[in-house]
Amino acid sequence: MSRHGEPIPMTGHPSGPLSGTAEVPGDKSISHRSLILGALAVGETRISGLLEGQDVLDTAAAMQAFGAEVTSHGGGSWSVQGVGVGGFSEPAEIIDCGNSGTGVRLIMGAMATTPITATFTGDASLNGRPMGRVTDPLALFGAAAYGRRGGRLPMTVVGAAEPVAVRYATPVPSAQVKSAVLLAGLNARGDTVVIEREATRDHSERMLAGFGAEVSVEDTSEGRVITLAGQPELKPQRIAVPRDPSSAAFPVCAALIVEGSDVLVPGIGLNPTRAGLFTTLREMGADLTYENPREEGGEPVADLRARFSPDMKGIAVPPERAASMIDEYPILSVVACFAEGVTDMQGVKELRVKESDRIDAMAQGLRACGAAVEEGEDWWRVTGLGPKGLPGGATVASRLDHRIAMSFLIAGMAAQRPVSVDDVGPITPSFPIFEGLMAGLGARLERRSGWGGGGLPPPARPSASPRRHRVPASPRGEGAGPGASPRTPGIFGKQRCGERCAGRQGSARRRFGPGSGALFKRSGGG
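The structure reproduced in this document is the subject of the present report. Note that residues are indexed from 1 along each chain, following the sequence as it is written. For a predicted model such as this one, the threshold for reporting local features is a pLDDT of at least 70, and the threshold for listing and counting side-chain atom pairs is 80 or more; totals across whole chains, interfaces and linings nevertheless cover every residue. Remark: hydrogens and water are excluded; side-chain values derive from all non-hydrogen atoms of the structure.

Looking at the overall build of the protein chain
Broken down by element type, the protein chain carries 13 helices and 27 strands. For the protein chain, the proportion of its 526 residues judged to be buried stands at 61%. Here the protein chain has roughly 18200 Å² of accessible surface; of this, 49% comes from carbon and sulfur atoms. For the purposes of this entry, the term helix denotes a DSSP run of H or I that reaches at least four residues, the term strand denotes a run of E that reaches at least two, and both are numbered from the N terminus. A simple rule labels every residue: compare its accessible area, found with a 1.4 Å probe on the protein chains alone, to the largest value its type can have, and call it buried under 20%, exposed over 50%, or partly exposed in between. Each accessible area is a Shrake-Rupley estimate made with a 1.4 Å probe; only the visible protein chains count as cover when residues are assessed.

Right, here's the structure in full:
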């Protein structure tokens with residue numbers, strides 16, 4: 001069941017050619033970090049192009065609860081009046097992060113070195129995900145965490161009174177863990193060092209530098225070493241959020257497998273730590289081109305043109321690429337069904353602990369649709385059936401996971417028979433315009449419940465005239481327990497805001513000095 005109430009089933013029907021321009025929302029990873037770093041700066045940060053999905057809105061509400069002033073000006077334009085590093089106040093209410101693992105883990109890091117206490121919860125999916133991979137390194141700073149068995153939410157985190165800088169090697173490739181440790185390191189005296197054996201998305205390093213922190217990156221025999229000098233004064237910024245490559249994956253992949261399609265997806269961020277899917281698709285033989293390549297805000301950007309590609313071949317995806325496309329493996333497995341030969345995906349154990357066990361969810365659903373899928377603990381393999389080869393005709397479980405739901409709806413557009421998803425409610429918090437965007441390209445999506453009675457709201461669209469409003473703190477009913485659902489109206493009418501080392505021989509060192517993160521321009525007020 002969705003967190004919004006009753007399940008909302010939807011069917012993806014075989015569709016005619018998809019065509020047109022798909023303008024996907026702002027990057028979710030950068031949106032979360034913009035709000036958090038804006039709250040930790042001194043002064044007003046202005047953000048344009050913010051993703052206004054519930055996951056990000058929950059992070060906005062959390063920053064308000066920790067004492068920052070967060071204001072929406074309409075149309076993706078926001079401002080954050082920050083309180084400075086170490087300036088968070090203790091929230092009066094439980095922090096509800098909805099479905100967002102990124103949100104809760106980064107916020108825990110941001111508050112863990114301030115002597116305050118906060119309790120975190122989320123929806124059923126988030127409350128089932130392990131938090132030990134973040135709370136373990138935060139304990140090295142002096143923070144303490146008390147949660148359910150297995151290190152799961154609801155969880156109370158007690159910030160360190162006298163935090164000490166740490167040196168931490170991440171046990172698994174995880175941008176969330178790395179970012180949580182770096183955010184905690186902001187309020188610790190000395191240099192915090194994170195070592196990752198495999199490079200993960202580097203938005204945190206870029207953005208910390210843009211806000212004025214001293215960050216350096218060194219490639220050594222140990223791996224990628226990131227060093228952050230503690231206790232900086234972060235400066236407010238103007239941030240232009242690029243469009244999300246993870247969201248772009250869905251219209252791009254749909255165009256590749258639906259006969260006759262030609263779709264343009266403009267302004268997509270192609271940061272090398274995020275663009276693994278597009279590299280993989282091109283290696284498979286996809287007709288996917290980068291038009292008008294350019295740099296915007298320090299990030300590589302291009303317009304993606306995707307055309308129907310009947311001659312794609314299965315490949316062995318290099319395991320070292322996993323970190324740059326970990327969220328895109330579900331939709332890649334759908335594309336693999338329409339290629340010839342075997343697509344082998346190795347080194348993807350992280351998929352077992354996402355919003356759902358994504359390997360199991362996709363394997364079972366694809367088998368129900370007639371695909372041949374093998375799986376192991378950290379790998380899976382799909383044998384393609386060629387264009388129009390997937391029989392379809394199944395109803396699959398989304399498991400409260402937006403990427404599972406969207407992937408199977410895309411599968412239904414190219415399969416021989418429709419594919420139904422038991423509950424598409426989880427899509428809206430992450431990709432609020434998915435349904436309207438795909439329908440605008442010509443996709444046939446049929447929901448089996450109306451807008452009322454537990455249904456999703458109509459696809460989100462910018463207001464005709466910007467409205468100014470403040471984000472309320474994450475709400476709770478009086479006397480509610482940590483697992484209760486908030487009911488207070490949020491920031492968009494009825495949309496709820498609470499719901500949802502230097503000198504090492506042979507190393508290459510690169511320094512992000514203050515202001516070097518070109519995503520940012522200094523705000524006029526300093």
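A word on the sheet that holds strand 22 (residues 395-396)
Spatial ordering of the open sheet is given by 22-23-1-24, a layout of four strands whose pairing is mixed. Two strands close off the open sheet at either side, each with one partner strand: strand 22 and strand 24 (444-447). With three bridges connecting them, strand 1 (residues 10-13) and strand 23 (residues 419-421) associate as antiparallel partners. From the neighbouring strand, M10 faces strand 23, where its bridge partner is V421. Being paired, for any two strands, means DSSP has found at least two bridges between them.

Quick look at the layout of surface pockets
Roughly 770 Å³ of volume is contained in the second largest pocket. Residues are said to line a cavity or pocket when one of their atoms sits within 4 Å of a point; the points come from a 1 Å grid over protein atoms alone, cavities being sets where a 1.4 Å probe fits but cannot get out and pockets being open sets with protein on both sides within 12 Å along at least five of seven lines. Lining the second largest pocket are 45 residues, and of these P173, S174, I326, E350 and K354 lie nearest its centre. Residue contributions to the lining of the second largest pocket peak at four residues, all from helix 1 (residues 28-40). Think of it as three bins: nonpolar holds Ala, Val, Leu, Ile, Met, Phe, Trp, Tyr, Cys and Pro, charged holds Asp, Glu, Lys and Arg, and polar takes everything else, Gly as well. Per-class residue counts for the lining of the second largest pocket are ten nonpolar, 13 polar and 22 charged. Grid points are joined across faces, edges and corners, and a volume is the space filled by probe spheres set on the points.

Concerning the environment of S407
By secondary structure assignment, the location of S407 is in helix 11 (residues 402-414). With relative accessibility at 0%, the residue S407 sits in the buried group. For S407 and F250, which are 157 residues apart along the polypeptide, the C-alpha to C-alpha distance reads 7.4 Å. Pairs of residues are marked as contacts when any of their non-hydrogen atoms sit within 4.5 Å. Contacts of S407, omitting those with residues within four sequence positions, involve F250, P330, I331, V334 and M362. Reaching out from S407, the side chain makes a polar contact with the backbone nitrogen of I331 at a distance of 3.4 Å. Whenever two N or O atoms come within 3.5 Å, that pair is a polar contact, provided that in protein one can donate a hydrogen and the other can accept it, and provided that, for residues adjacent in sequence, both atoms are side-chain atoms.

Some points on the sheet that holds strand 21 (residues 379-383)
As summarised here, the arrangement of the four strands in space is 18-19-21-20, forming an open sheet in which the pairing is mixed. At either end of the open sheet lies a strand with only one pairing partner, and these are strand 18 (316-317) and strand 20 (372-376). Bridge analysis of strand 19 (residues 342-346) against strand 21 gives five bridges, and the strand direction is antiparallel. Counted as the bridge partner of D344 is R381 from strand 21. Only the stretch in contact is used when a helix axis is fitted, and all axes are lines through C-alpha atoms; the angle between N-to-C directions ranges over 0 to 180 degrees. Against the sheet, helix 9 (residues 329-337) engages strand 18, strand 19 and strand 21, with an angle of about 25 degrees to strand 21.

A short note on the packing of aromatic side chains
For Phe, Tyr and Trp, rings pair up if their centres lie within 6.5 Å, where Trp contributes its six-membered ring, and each pair is then called stacked (planes under 30 degrees apart), edge-to-face (over 60) or tilted (otherwise). Counted under the stated rule, the structure contains three aromatic pairs. For the ring pair F250 and F434, a centre distance of 6.3 Å and an interplane angle of 85 degrees mean the geometry is edge-to-face. With F250 in helix 7 (residues 245-257) and F434 in helix 13 (residues 434-441), this pair connects stretches of sequence that are 184 residues apart. Accessibility classification places F250 together with F434 in one group, the buried group. In this structure an aromatic cluster arises from ring pairing among F250, F431 and F434.

What to know about the pattern of salt bridges
Whenever Lys or Arg places a side-chain nitrogen within 4 Å of a carboxyl oxygen from Asp or Glu, that contact is recorded as a salt bridge. A full pass over the atoms with the stated rule returns 33 salt bridges. Note that R358 and D327 form a salt bridge whose closest N and O atoms lie 3.2 Å from each other. Note that R358 is positioned in helix 10 (residues 358-368) and D327 in the loop between strand 18 and helix 9, a separation of 31 residues in sequence. The class of R358 is buried, set by a relative accessible area of 0%. On the basis of relative accessibility, which here comes to 12%, the residue D327 falls in the buried class. The partner of R399 in a salt bridge is D360, with the nearest N and O atoms 2.8 Å apart. One end of the pair, R399, is in the loop between strand 22 and helix 11; the other, D360, is in helix 10, with 39 residues separating them in the sequence. One connected set of salt bridges, linked through shared partners, spans R129, R201, D327, K354, E355, R358 and D401.

Concerning unusual backbone geometry
Here the residue pair L153 and P154 is connected by a cis peptide bond, since its omega of -5 degrees sits within 30 degrees of zero. Locating P154 in the fold gives a position in strand 9 (residues 152-158). Here the phi dihedral of N292 falls at roughly 50 degrees; this positive angle occurs in a residue that is not glycine. Judged by its relative accessible area of 47%, N292 falls in the partly exposed class. One non-glycine residue, K388, lies in positive phi territory at about 60 degrees.

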